There are 2 protein chains.
Amino acid sequence: MANGKKNGVAKRETAESMAKRQRDISVSEFFLKNRHLLGFDSPRKALLTTVKEAVDNALDACEEAGILPEISVNIEQTGAARFRVTVMDNGPGIVKSQIPKIFGKLLYGSKFHRLRMSRGQQGIGISAAGMYGQLTTGNSTIIFSKTKNKKTAHRMMVQLDTRTNNPTILKDEEVEWRPEFFPTREDGTPGRTITSAHGTSVEIEMEASYVRGRLSVDEYLKQCAIVNPHLQLHYRIVLPRKTGNGADENTTGAAEEEVIPWTTFSRAVTEVPEPTIEIKPHPHGVELGLLMKMLKDTPARTLKAALTHDFSRVSANTAQDICERAGLNPKARPVRIAHSESEALYKAVQETKLMRPPTDCLAPIGEEQLIAGLKKEINADFYTAVTRKPAVYRGNPFLVEVALAYAKPGANPDLGAEDQVRVMRIANRVPLLYMAGACAMTKAVSKVNWKSYGLPQPRNSLPVGPMVITLHMASVWVPFTSESKEAIAHYPEIEKELTFCLQECGRQLSVYLKRRTRLAEAERKKSYIIQYIPHMALGLKEMLELNDRQEQAVIDKLQDMLERTHLQL
Amino acid sequence: MANGKKNGVAKRETAESMAKRQRDISVSEFFLKNRHLLGFDSPRKALLTTVKEAVDNALDACEEAGILPEISVNIEQTGAARFRVTVMDNGPGIVKSQIPKIFGKLLYGSKFHRLRMSRGQQGIGISAAGMYGQLTTGNSTIIFSKTKNKKTAHRMMVQLDTRTNNPTILKDEEVEWRPEFFPTREDGTPGRTITSAHGTSVEIEMEASYVRGRLSVDEYLKQCAIVNPHLQLHYRIVLPRKTGNGADENTTGAAEEEVIPWTTFSRAVTEVPEPTIEIKPHPHGVELGLLMKMLKDTPARTLKAALTHDFSRVSANTAQDICERAGLNPKARPVRIAHSESEALYKAVQETKLMRPPTDCLAPIGEEQLIAGLKKEINADFYTAVTRKPAVYRGNPFLVEVALAYAKPGANPDLGAEDQVRVMRIANRVPLLYMAGACAMTKAVSKVNWKSYGLPQPRNSLPVGPMVITLHMASVWVPFTSESKEAIAHYPEIEKELTFCLQECGRQLSVYLKRRTRLAEAERKKSYIIQYIPHMALGLKEMLELNDRQEQAVIDKLQDMLERTHLQL
């Protein structure tokens, strides 16, 4: 402590001395220091975040290109606290010039500047994973990519120069490469290798740790398969053999690769979801400052044309109305609109009734597919699902859907009758695992009164029972509470829709539970009566002097009667 | 809905068509769309965040320049949902060339690239406030600044070009201007105007709303005064006069300005805190990738010199040891160190015992000042405070301190005996108001067993009682859970220190509460006995035939005896 001053001298600053120390902070430097904001706050979470970002990108690319996605996730432990993650897909591939930027630059991508439902939306994820790998191991991100039209593939090693937030290419070569996948059949035997003529593979080595459980890569991939029934997913994790002295730094993995089998989540449907549609911003979701900026940047020559072309739900007539209401000339040049005029325009827009934003840009998973996905992975007795109609928050269309799976108490060891229900949160088909407590979805489940649907529920908590609830929000822009995209922000419009959707499912659950209770009651009575039928038959036999055949006929008739009464219950 | 497809056509993408849509996302565009990450998710919070960022900057600048801070916060309502915030300080001012960047560019500043305790640390805050103002009103940020050495001041109007994240200067002029402050005396009369020869004023108009209460600007400024006893703060909020038809768009504010008085939080001490010291990173907090980068960037010519100069706690001898352990030549050129060599170096660093980082870089508020601050604003009966010794997380030195104020039940109407205790969270002297539930500080208070110190406490909750707890964390880098800097991340080392500190305060509280209980008990006995003293005296008088004077003497003596016994309790 005594020699602390050696490290730096505290001096009185002036405006001039302070000016000398001012400087740019690159966005990479910012997120490197604040990497917990991106989901790299612990070794365990780092592994999940990396897999998640790579799989999300692969799925987005396949769907946009109309390709039925085939994805493999290969995780190999390479040291005591080191893992190599390789995610491969049969997507359209990436053209050579784009590879370095996509993997070696934060805030770069095609998804941020559009209103369109997709998994990625920020242009941060995969390059942040590469940056984290580089920070903790010094290694580059290795990318293989082959596009349809090229004969050979590219192999690139990319790093991110954090000072400038630009990629550095360490190696760039043409190679013979095609994506290959190794499915495992349901009986556990290896299936036929699948080869694709195009695709991408990304490999990142990083400091990480692998722990099974609710927050693991395994759970993420399982949920991913549930909500993306068109996805075929191959997964394996290669851990070093226990050699008695713990993890071995020198494990090459080569020996194990032959023995560790892949797990295949087979696809349940063979149709690619229709690509989603990009929409223009809705006028009611645009602030004054943004409106002014849009007028400055529009290619349209007149105010009326700008209103019609740059926004959704503004027809030529509506645009005319808005201009008149604002006291502006519809033929005015948009760039010439003064500050005070744009305020009048903004007010006029707010006062004009408009159709709600178009909603065919949203691709729900759908009630049937939600149930099919749940049935595939969750063994239960009652399934239901509700997809709500689209609604709007801050000008953005969105929709929610909810599915339930309820198991008979004791029937599914994973679903304890005394445990809180399990909540699976999904946003644009991406499962969210961390930060459940901060998420609008968890809050919505806790706020619904489940007691009225027949489930016990401690105050302000999740209900209790052998049940899984899946919630999905689809939107052109999902409002996450942080860059790591783990929880949905508490917009009242979103919470309201979630609540209605949960209540609809709850009512169906309630019908099932009541019927089940009634049936159980009848079953109890029936089994009680059934014991006495032979005794009654015997009594009748003696009184009426029946023979054995007649006695048996009486028993059959009585049982038949009981069955019929029972059915009516 | 039917014409949705008009807005955009879903087409099958290829690698080539996707490449065309890839593009840079400027950091401003990113945060404009994600402005809730910066604390601009509601109009109410926007007002607080703006005041907070401006006041933080003013305090940092004053302290770095060794100036006793005088700050005014003036909030005027300018429309139904519009406010103008003006924050003025007597700091060193800003040189002209830096003004546009500081106020019109995100990720720019002097505080990010150093390890030094300060309020600001990101280079985002104030420019984000300006960007939000611009987005919601279209108006510029207006800055006045005068440095010591210049005769005239600068007035600038700055906007942020979100596409490039660069400032646009709309006006730049030399003006006659000095900061002026209008104190109000304790008796409510106006004091003498204070003028400064230097300082800065920043004015931002924005969509906002003003609500009193625990999350208000008022509460923030009050807490700010408590934890910065050297600060003199003038505050007023000018709301439009109720004219019957609600808020009036045309309120000029001029008429009201004369009648709305300022509230002055006078300073309690007249010493500027010693400027804090910048430190170098501690080797044990540096990852492999960062170590490699530092070796690439170092100005030092040898490996040994790089280790000694660029890190704290590495002496020449230690550097020699590290090199030998790693099998590297101490005279090797740092930029020439190969990947495998730096891995060896990293391992050697981790295995070498080093002194903990220097801690005189931390400026605690101090036990005395914490208590003085609390006494000024919170009326209570028992105060205590504990400042812990510095500790380390991820190579960063930090320290925590805790102060308590306990009021007799019923004595302070603000502190209900049946309410949860109030928790004031402070990081580097900045009060944190929002996101209490997500903060390590709140968690630490809930985890301490307050029952053993005499306070009721529901399971896993804050304790109950007429009490305020102030927690302060001081560090060269506070790990916030989001860019809006509202909650501290859950590092185990930080939680441990907070717990120990709370327990120390708890023990002192427990001594006070026990003594109070004992005293109350004795008081009860005393008042019971005292009733009988005159009767005893009368009895003695009759038995011993005393005169009135003697009787009185007996009463006095008995009472005196009782007092003395009581005191011994």
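Cut-off values and rules
- Residues numbered from 1 in each chain as written.
- Chains lettered and ligands numbered in written order.
- Predicted model: local features only at pLDDT ≥ 70, side-chain atom pairs only at ≥ 80, totals over all residues.
- Heavy atoms only, no water.
- Helix = DSSP H or I, 4+ residues; strand = E, 2+ residues; numbered from the N terminus.
- Buried < 20%, exposed > 50% of the residue type's maximum accessible area, 1.4 Å probe, protein only.
- Polar contact = N/O pair within 3.5 Å; in protein donor to acceptor, adjacent residues only side chain to side chain.
- Contact = heavy atoms within 4.5 Å.
- Buried area = accessible area lost by both parts, 1.4 Å probe.
- Salt bridge = Lys/Arg side-chain N within 4 Å of Asp/Glu carboxyl O.
- Core = buried A, V, L, I, M, F, W, Y, C linked by side-chain atoms within 4.5 Å.
- Least-squares fit on C-alpha atoms with pLDDT ≥ 70 in both.
- Pairing = 2+ DSSP bridges.

Moving on, we get to the environment of A:Thr78. Residue and element names in this part refer to chain A. Among the secondary structure elements, threonine 78 is positioned in strand β2 (residues 70-79). Residue threonine 78 is classed as buried on the basis of its relative accessible area, which comes to 15%. In the structure, threonine 78 is positioned 296 residues away from leucine 374 in sequence and 35 Å away in space, judged by C-alpha atoms. A polar contact of 2.7 Å, which involves the side chain of threonine 78, links it to the side chain of glutamate 205.

Attention shifts here to the environment of B:Gly79. In this structure, B:Gly79 sits in strand β2 (residues 70-79). C-alpha of B:Gly79 to C-alpha of B:Leu404: the two residues are 325 residues apart in sequence and 41 Å apart in space.

At the interface, 93 residues of chain B touch 94 residues of chain A. Together chain B and chain A conceal approximately 8,100 Å² of surface at their shared face, both sides included; 53% is due to carbon and sulfur atoms. Linking chain B with chain A are ten salt bridges. Close ionic contact of A:Arg163 with B:Asp297 constitutes a salt bridge, the shortest N to O distance being 3.4 Å. Taken together, chain B and chain A are joined by 32 residue pairs in polar contact (both at pLDDT 80 or more). When residues of the side of chain B that touches chain A are traced back to their parent elements, those giving at least two are α1 (15-21), β1 (23-24), α2 (27-33), α3 (43-64), β4 (108-109), α5 (125-137), α8 (288-297) and α11 (339-351) of chain B.

Despite not being glycine, A:Met435 has its phi angle at roughly 60 degrees, a positive value. Note on A:Met435: relative accessible area 34%, which makes it partly exposed. Positive phi is not limited to glycine here, since B:Asn428 has a value of about 45 degrees.

In globular proteins that are soluble, nonpolar side chains generally tend to be buried together. Ranked by internal contacts, the top residues of the largest apolar core, which has 220 residues, are A:Phe31 and B:Phe31. If we skip the residues at most four places from it in the chain, A:Phe31 touches A:Leu37, A:Leu38, A:Leu106, A:Ile124, A:Met131, A:Glu483, B:Phe30, B:Phe31 and B:Glu483.

Least-squares fitting of chain B to chain A yields an RMSD of 0.1 Å, with the superposition described by an axial translation of 0.0 Å and a rotation of 180 degrees. In symmetry terms, the pair is related by a two-fold rotation axis.

Attention now moves to the pattern of salt bridges. Counting across every chain of the model gives 50 salt bridges over all chains. Taking the shortest distance from any N to any O, the salt bridge between A:Arg388 and A:Glu504 comes out at 3.2 Å. Within this pair, whereas A:Arg388 is found in the loop between β13 (382-387) and β14 (391-393), its partner A:Glu504 is found in helix α14 (residues 492-544), the two being separated by 116 residues in sequence. Residue classification places A:Arg388 among the partly exposed positions, given a relative accessible area of 22%. Exposure remark for A:Glu504: the relative accessible area of 26% places this residue in the partly exposed category. Across the salt bridge formed by B:Lys111 and B:Asp60, the nearest N and O atoms sit 2.9 Å from each other. With B:Lys111 in the loop between β4 and α5 and B:Asp60 in helix α3, this residue pair connects regions lying 51 residues apart in the sequence. B:Asp60 carries the same exposure label as B:Lys111, and that label is buried. Residues joined in a network through salt bridges with shared partners are A:Glu13, A:Arg21, B:Glu64 and B:Arg114.

A word on the side chain of B:Glu13. Structurally, the position occupied by B:Glu13 is in the segment before α1. Residue B:Glu13 is classed as buried on the basis of its relative accessible area of 5%. Look past the residues within four positions of B:Glu13 in its chain and what remains in contact with it is A:Glu64, A:Ala65, A:Arg116, B:Met18 and B:Arg21.

Another point: the pairing of strand β11 (residues 232-238) of chain A. Looking along a regular strand, one sees the side chains alternate between the two faces of the sheet. Residues and elements named next belong to chain A. Extensive coverage of β11 is indicated by the burial of seven of its seven residues. Residues Gln232, His234, Arg236 and Val238 point to one face of β11 and Leu233, Tyr235 and Ile237 to the other, with burial holding for every one of them. Here three bridges tie β11 to strand β12 (residues 263-265), and the two strands are oriented antiparallel to one another. Across the sheet, the residue bridging to tyrosine 235 is threonine 263, located in β12.

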